[in-house]
Amino acid sequence: MFNIPTTDKALRSRVSSYKSALKREKRDRGCINDGSGKRYILFYLYFILDDLKRSDDYFKWYHDEFPDDVGEPIQKLCWAITLYRMGEEGAATYRLADLMISNLYIIPRLLGRTVQEYPIWQASSDGALDYFDDIPAQVLAGIRSSEMAWMAGAYDSSQLCRIRERYLGIYGELKDTRGFEARSRLIDEAETLLDPLMGQA
C-alpha cells in the first residue's frame, strides 16, 4: 500500500516534490512517462488536503498533459468526490460512473454492501475485487457521510444502473467471445457507455 504522509506540511511537501518531478521529466524528455504513477497519487494527496482551488488547477493541468490517459480507480474516486465538493455534481457523476466501470467493486464496498466477483472478462488488474484494499486509509477517512449518500444515490440511479448492467453484459460476453471482429464490436460499444454523461463532464 502507498505510504501517505500524515501531516499537512508533509503532504504539501510531497505534492511539491511530485509536481516538480513531473515538470522536470517534461522539460528533460519532452514528455511525461511517469511510470511510477505520481500523476495519480497527486489526486489522493489533494483530496486528503481538501484543497479545492489547487485541486481544480491540478485537474486542468492533468487534462492538458494526459488527455487520453485511462486513469486508475483510486484517482477516479478522489476526482469524483472532489468535483462533488466543488459543486460540480454533473461532472462528479461522470467521474463516479467512470470509476464504477473501471472497478465494479469499489463503490458497493464503500457503501458497505456485500459484493461477489462477477464472472466477466477483466481487461486489467484495475478491475480486481481486492483493488479496494489499496485505497489509503486517509482517503477512506476523508469521505464524508454526505458524500457517501450522494454516491449511493448516483450508484442506484436508473442511469448508472443501465450503464452497469450493459457493462456486465458486454464483459460477460467477452469472457467467451473469440475472434477479432466480434471482440472489437463489443469493446467499441463498451467505450460508448459513458457517452450519455459526457455533457456533464
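Our subject is the structure listed above.
Treat the numbers as computed from the prediction; the structure is a model and nothing was measured. (Residues numbered from 1 in each chain as written. Predicted model: local features only at pLDDT ≥ 70, side-chain atom pairs only at ≥ 80, totals over all residues. Heavy atoms only, no water.)

Student: Before we go on, may I ask you to explain the overall build of the protein chain in this structure?
Tutor: The helix and strand inventory of the protein chain stands at 10 helices and 0 strands. Its C-alpha atoms give the protein chain a radius of gyration of 17 Å, within 12% of the compact-globule value 17 Å for 201 residues. A principal-axis box enclosing the C-alpha atoms of the protein chain has dimensions of 50 × 40 × 35 Å. Relative to its 201 residues, the protein chain shows a buried fraction of 44%. (Helix = DSSP H or I, 4+ residues; strand = E, 2+ residues; numbered from the N terminus. Rg over C-alpha atoms; globule rule 2.2 N^0.38 Å. Buried < 20%, exposed > 50% of the residue type's maximum accessible area, 1.4 Å probe, protein only.)

Student: I would appreciate a short explanation of the environment of Leu104 in the present structure.
Tutor: Among the structural elements, Leu104 can be located in the loop between α5 (89-102) and α6 (106-110). Spatially, the C-alpha atom of Leu104 lies 20 Å from that of Tyr44, the residues being 60 residues apart in sequence. Excluding anything up to four places from it in sequence, Leu104 contacts Tyr118, Ile120, Tyr155, Arg164, Tyr167 and Leu168. (Contact = heavy atoms within 4.5 Å.)

Student: Would you mind showing me how to read helix α8 (residues 145-155) here?
Tutor: Along an α-helix, residues three or four apart share an orientation, since each turn contains 3.6 residues. Taken as a whole, α8 has its buried residues at Glu147, Trp150, Met151, Ala152, Ala154 and Tyr155. Turning to α8, the residues buried within the fold contact α4 (73-85), α5, α6, α7 (137-142) and α9 (158-176).

Student: When you look at the pattern of salt bridges in this model, what are you seeing that I'm missing?
Tutor: Where charged atoms from two side chains of opposite charge come close, those side chains can pair. Under the definition given, this model contains 18 salt bridges. One salt bridge connects Lys76 with Asp98, and the closest N-O pair in it is separated by 3.4 Å. Separated by 22 residues along the polypeptide, Lys76 in helix α4 and Asp98 in helix α5 bring together distant segments of the chain. The burial state of Lys76 is the same as that of Asp98; both residues are buried. A salt bridge links Arg109 to Asp133, with the shortest nitrogen-to-oxygen separation between them at 3.5 Å. (Salt bridge = Lys/Arg side-chain N within 4 Å of Asp/Glu carboxyl O.)

Student: What exactly am I supposed to notice about unusual backbone geometry here?
Tutor: With the exception of glycine, most residues fall at negative phi, and the peptide bonds are largely trans. Residue Asp34 is not a glycine yet carries a positive backbone phi of 50°. With respect to the helices and strands, the residue Asp34 is situated in the loop between α1 (8-29) and α2 (38-49). Positive phi, normally seen in glycine, also occurs at Asp50, with a value near 55°. Mapped onto the secondary structure, Asp50 falls in the loop between α2 and α3 (52-65).

Student: Would you mind going over α1 with me for this structure?
Tutor: Helix length check: α1, at 22 residues, gives a terminal C-alpha distance of 31 Å against a target of 32 Å (1.5 Å per residue), a fit within 8%. Those residues of α1 lying buried are Leu11, Val15, Tyr18, Ala21, Leu22 and Glu25. An end-on view of α1 places all buried positions within 130° of arc, on one side of the element. Seen from the buried face of α1, the exposed residues on the opposite side, beyond 90 degrees, are Lys9, Arg27 and Asp28. (Expected span 1.5 Å × (residues − 1). Arc of directions from axis to C-beta.)

Student: Help me understand the side chain of Glu147, please; the structure alone is not making it clear to me.
Tutor: Summarising the element assignment, Glu147 is placed in helix α8. Within the structure, Glu147 has its side chain in polar contact with the backbone nitrogen of Arg144 (distance 2.9 Å). (Polar contact = N/O pair within 3.5 Å; in protein donor to acceptor, adjacent residues only side chain to side chain.)

Student: Hey, could you run me through the packing of aromatic side chains in this one?
Tutor: One pass over the structure, following the stated rule, counts 15 aromatic pairs. When the ring of Phe43 is compared with that of Tyr58, the centres are 5.3 Å apart and the planes differ by 75°; the resulting orientation is edge-to-face. In this pair, Phe43 is assigned in helix α2 and Tyr58 in helix α3, connecting sequence segments 15 residues apart. When its relative accessible area of 2% is taken as the criterion, Tyr58 is described as buried. Put simply, the rings of Phe43, Tyr46, Tyr58, Phe59, Trp61, Tyr62, Phe66 and Trp79 touch in pairs and so form one group of aromatic residues. (Phe/Tyr/Trp six-rings, centres within 6.5 Å; stacked < 30°, edge-to-face > 60°.)

Student: Could you clarify how one ought to interpret the nonpolar core in this entry?
Tutor: It is characteristic of soluble globular proteins that their nonpolar side chains tend to be buried jointly. Of all hydrophobic cores here, the largest spans 59 residues; its most connected members are Leu42, Phe43, Tyr44, Leu45, Leu77, Leu96 and Met151. At 9 residues, α2 tops the list of elements feeding residues into this core. Discounting chain neighbours no more than four positions away, the residues touching Met151 are Leu77, Ile81, Leu96, Leu110, Leu111 and Ile143. (Core = buried A, V, L, I, M, F, W, Y, C linked by side-chain atoms within 4.5 Å.)

Function cannot be inferred from these measures alone, as they are strictly geometric.
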